[in-house]
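Coordinate inspection notes
One-letter residues, chain by chain:
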Amino acid sequence: HRRLPAVIPTPPVSASPFPNPKSQYCCLSRNFSAALTPLLPVQLPSRMETHLWYVVPDEVKSAPLLSKYMELLPQSERDHVLGFRGDQLQKSALLARTLVRTTIARYQVDGHLDPRSLRFKRNIHGKPEVEWETKDGFCPPPLQFNISHTSSLVACGVTMNSLIGIDVEEKRRRTKNNILAFAKRYFTAHEVEHLNAIPDSELQQQEFIKLWTLKEAYVKALGKGFSSSPFNTFTIRVNTAAQQASSGIAVETLDSPQNLTNNWQFALLELMGSHYVAICLERQETGGAGKAFPIKLTARKTIPSVEDELVSGTNAVVTIGGSVTQF
Amino acid sequence: MAAASASSFTSLKSRPAPGLATIAAVKSGAPLSFSFRRPVPAVSRLRISCAAKPETVEKVAKIVKKQLALPAETPVTGDSKFAALGADSLDTVEIVMGLEEEFHISVEEDSAQSIATVQDAADLIEELVQKK
């Protein structure tokens, strides 16, 4: 995999804790006594691309760095982060806000890179969106994003124009309740059948988690709130046809069962062998006979303001469902 | 998953912020739902009902702690927000399922959406139990 520095190291200004000039550079990228180094810009995704960015909280250990991240947030977001009980939860909440702010800032949409200056709002149904400044002659770009996080992974998906929903979950997440009892209560009959047909309990558990993340991603992509699409009103169909390299995934709403809803495409990824990432995208264009183009995905692991690593096409990101081309 | 080493990550709580309010205080209107899990429409928060009995709150707290694997001595009160305790959407649904079993009620998905705190859950439970 290719490792790209996200920042160009600059020497610390004024009084340095390292009097010897040579040693000023020894831990340069980790010297956060100065403000966070400027973000490196990134090109916006093309209309057909999806960008996936993720942070592994366990790899972000520097307390000074985390303090700097806090400083990027407005007071209301800091309060929100601090409202979580315990370091672990606060950390992933902080990293989620940091990831979304720094990532969007790096696309340099309005010509400057300040993650602090981004404002967010919610649409009428509660989905977070960027509130672009209304300046003369400035046409806000159709940038779409969605975040998801667990304590062990924080992820952000970005597209130009395509509505997007993403959901992440640990592969080995266990439900406290019996899976089939849970599915009977909250999923559709077809999904219960699909789970019931899996004899191995470990595989059944994993399939459940996959279904859960796909359903969450769909509702988040729709952006209309969970109450508009309760989980038992739509079925995620996973086709494991032998002739397909990876399974096709489609959504079918119960009120029009014969009409496989063609507006939405799905990708299911296994990240670092430890997490499932479900992505749901609004279909932009179709190929012949209503067939969708594969999702063009670029995945980057990042530590905001420190480093990026392009991981698409490596075994850190394995496509396990849907039609995906990784770049 | 390896836990972050205690020495390398100091609690962010040690950074005092002026006017720091607990999430519990932010009840008016819908708080900005960053992870877009369960947006809370402002209207549904104005439920006119008596507060639930302390025993109900206690039972809810117990179910929440069990679902989230919190130590028994964790302070969980009516004001405690599920999300702040670490409940994600799957946890929340499992908690609701646990409440349904414990209290022999059926919670509609709509109502489940509006549960943000332990008190919300307790109030809803008593409402549903009374209706039976």
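The structure presented is a predicted model; accordingly, all values stated were derived computationally and were not measured.

This part takes up the overall build of chain A. In terms of helices and strands, chain A carries six helices and 16 strands. Per-residue burial for chain A yields a buried fraction of 54% across its 327 residues. Intrachain contacts of chain A at a sequence separation of at least 6 include 61% that bridge at least 24 residues. Surface accessibility of chain A: about 14,300 Å² in total, with carbon and sulfur atoms responsible for 52%.

Residue and element names in this part refer to chain A. The biggest cluster of nonpolar side chains holds 60 residues, and the ones touching the most others in it are F182, F187, F208, Y218, I236 and F266. With ten residues, the single largest contributor to this core is helix α6 (residues 201-222). Every residue in contact with Y218, bar those within four places of it in the chain, is listed here: F234, V251, T253, W264, F266 and C280. Grouped together as the second largest cluster of nonpolar side chains are 39 residues, L36, V100, L143 and C156 included.

Let's shift gears to helix α1 (residues 54-67) of chain B. All names here are of chain B. Taking 1.5 Å of rise per residue, 14 residues should cover 20 Å, and α1 covers 20 Å from first to last C-alpha, within 8% of that figure. When we look at burial in α1, the residues that qualify are T56, V57, V60, A61, I63, V64, K65 and Q67. In the core, the buried residues of α1 are packed alongside α2 (82-85), α3 (89-103) and α5 (118-131). Two residues or fewer after α1 comes A69, characterised by a positive phi angle close to 55°.

Counting across every chain of the model gives 19 salt bridges over all chains. Of the charged contacts in the structure, one is a salt bridge between R173 of chain A and E169 of chain A, with a shortest N-O distance of 3.0 Å. For K171 of chain A, the salt bridge identified is with E270 of chain A, shortest N-O distance 3.6 Å. Taken together, the positions of K171 of chain A in the loop between β7 (164-170) and α4 (179-186) and E270 of chain A in strand β11 (residues 264-271) put the pair 99 residues apart, joining distant regions of the chain. A single network of salt bridges, built from pairs that share partners, joins E169 and R173 of chain A together with D88 and D91 of chain B.

Our next topic: the UniProt feature "domain: Carrier" (unreviewed entry) in chain B. The positions that UniProt labels "domain: Carrier" (unreviewed entry) are, in the present scheme, residues 54-129 of chain B. Spanning residues 54-129 of chain B, this segment combines 66% helix with 0% strand, and its end C-alpha atoms are found 15 Å apart.

Residues and elements named next belong to chain B. Their axes nearest at 10 Å, the elements α1 and α3 cross at an angle of 135°. Relative to α3, the element α1 lies oblique. The chirality of how α1 crosses α3 is right-handed. Between α1 and α3, the contacting residues are T56, K59, V60, I63, V64 and Q67 on the first element and D91, E94, I95, G98, L99, E102 and F103 on the second. Taken together, the residues of the contact of α1 with α3 sort by class into six nonpolar, three polar and four charged.

The feature "domain: 4'-phosphopantetheinyl transferase N-terminal" (unreviewed entry), as given by UniProt, occupies residues 67-155 of chain A in the numbering adopted here. Helix makes up 38% of residues 67-155 of chain A and strand 19%, with an end-to-end C-alpha separation of 20 Å.

Now for the sheet that holds strand β12 (residues 275-282) of chain A. Sheet strands line up and pair through hydrogen bonds in the backbone, either parallel or antiparallel. Residues and elements named next belong to chain A. Pairing is antiparallel in the open sheet, where four strands are placed in the order β7-β12-β11-β15. Two strands lie at the open edges of the sheet, namely β7 and β15 (317-321), each paired on one side alone. Strand-to-strand twist across the sheet, computed as the mean angle between neighbouring axes with direction ignored, equals 25°. Sheet topology places β11 next to β12; eight bridges connect them, and they run antiparallel. If you follow F266 over to β12, its bridge partner there is C280. Sitting on the sheet, α6 is in contact with β7, β11, β12 and β15, with an inclination near 155° to β7.

What follows deals with the packing of aromatic side chains. Residue and element names in this part refer to chain A. Counted according to the given criterion, the structure contains 14 aromatic pairs over all chains. Ring geometry for Y218 against W264: centres 6.0 Å apart, planes inclined by 90°, an arrangement best described as edge-to-face. Separated by 46 residues along the polypeptide, Y218 in helix α6 and W264 in strand β11 bring together distant segments of the chain. For W264, a relative accessible area of 8% corresponds to the buried category. Among the aromatic residues, those joined into a ring-pair cluster are F182, Y186, F187, F208, W212, Y218, F231, F234, W264 and F266. Over the ring of F234 we find K215, and its NZ or CZ is 4.2 Å from the ring centre.

Here we take up unusual backbone geometry. Residue Q108 of chain A is not a glycine yet carries a positive backbone phi of 50°. By relative accessible area, which is 33% here, Q108 of chain A ends up partly exposed.

Moving on, we come to the packing of helix α2 (residues 75-82) of chain A against helix α3 (residues 87-106) of chain A. Residue and element names in this part refer to chain A. At their nearest, the axes of α2 and α3 sit 8 Å apart, and the two run at 150° to each other. By the criterion of interaxial angle, the relationship of α2 to α3 is roughly antiparallel. Contact residues: α2 offers E77, V81 and L82, while α3 offers Q90, A93, L94, R97 and R101.

Conventions used here
- Position numbers for residues start from 1 in each chain and track the written sequence from start to end.
- Starting at A for chains and at 1 for ligands, labels are handed out in the order in which the entities are written.
- Only residues with pLDDT of at least 70 get local features here, since the model is predicted, and only at 80 or more are side-chain atom pairs given and counted; chain-wide, interface and lining totals rely on the full set of residues.
- Side-chain descriptors were evaluated using all non-hydrogen atoms of the structure, hydrogens and water having been removed beforehand.
- Numbering of helices and strands runs from the N terminus; a helix is a DSSP stretch of H or I covering at least four residues, while a strand is a stretch of E covering at least two.
- Relative accessibility under 20% of the residue-type maximum defines a buried residue, over 50% an exposed one, and the middle range a partly exposed one, all with a 1.4 Å probe and only protein chains included.
- Contacts are residue-level and defined by heavy atoms, with any inter-residue pair within 4.5 Å sufficient.
- Note on areas: Shrake-Rupley with a 1.4 Å probe; residue coverage comes only from the protein chains shown.
- The criterion is simple. A nonpolar core is a set of buried Ala, Val, Leu, Ile, Met, Phe, Trp, Tyr and Cys residues joined through side-chain atoms within 4.5 Å.
- Here the expected length of a helix is defined as 1.5 Å per residue gap, with one fewer gap than residues.
- A carboxyl oxygen of Asp or Glu within 4 Å of a side-chain nitrogen of Lys or Arg is what we treat as a salt bridge.
- UniProt positions are given in the numbering used here, feature names are shortened, and annotations may be inferred rather than shown by experiment.
- All axes are obtained by fitting lines to C-alpha atoms, using only the stretch in contact for helices, and the reported angles, taken between N-to-C directions, cover 0 to 180 degrees.
- Angles are sorted into four bins: roughly parallel if under 35 degrees, roughly antiparallel if over 145, roughly perpendicular if 65 to 115, and oblique for all others.
- Each crossing is labelled by how the near helix is turned from the far one, with a counterclockwise turn of less than a right angle marking it left-handed and a clockwise turn marking it right-handed.
- Amino acids are sorted into nonpolar (Ala, Val, Leu, Ile, Met, Phe, Trp, Tyr, Cys and Pro), charged (Asp, Glu, Lys and Arg) and polar (every other residue, Gly among them).
- For two strands to pair, DSSP has to find at least two bridges joining them.
- Two rings belonging to Phe, Tyr or Trp (six-membered ring only in the last case) form a pair when the distance between their centres is within 6.5 Å. Interplanar angles under 30 degrees mark stacking, angles over 60 mark edge-to-face geometry, and anything in between is tilted.
- Criterion for a charge above a ring: Lys NZ or Arg CZ within 6 Å of the ring centre, and within 35 degrees of the ring normal.

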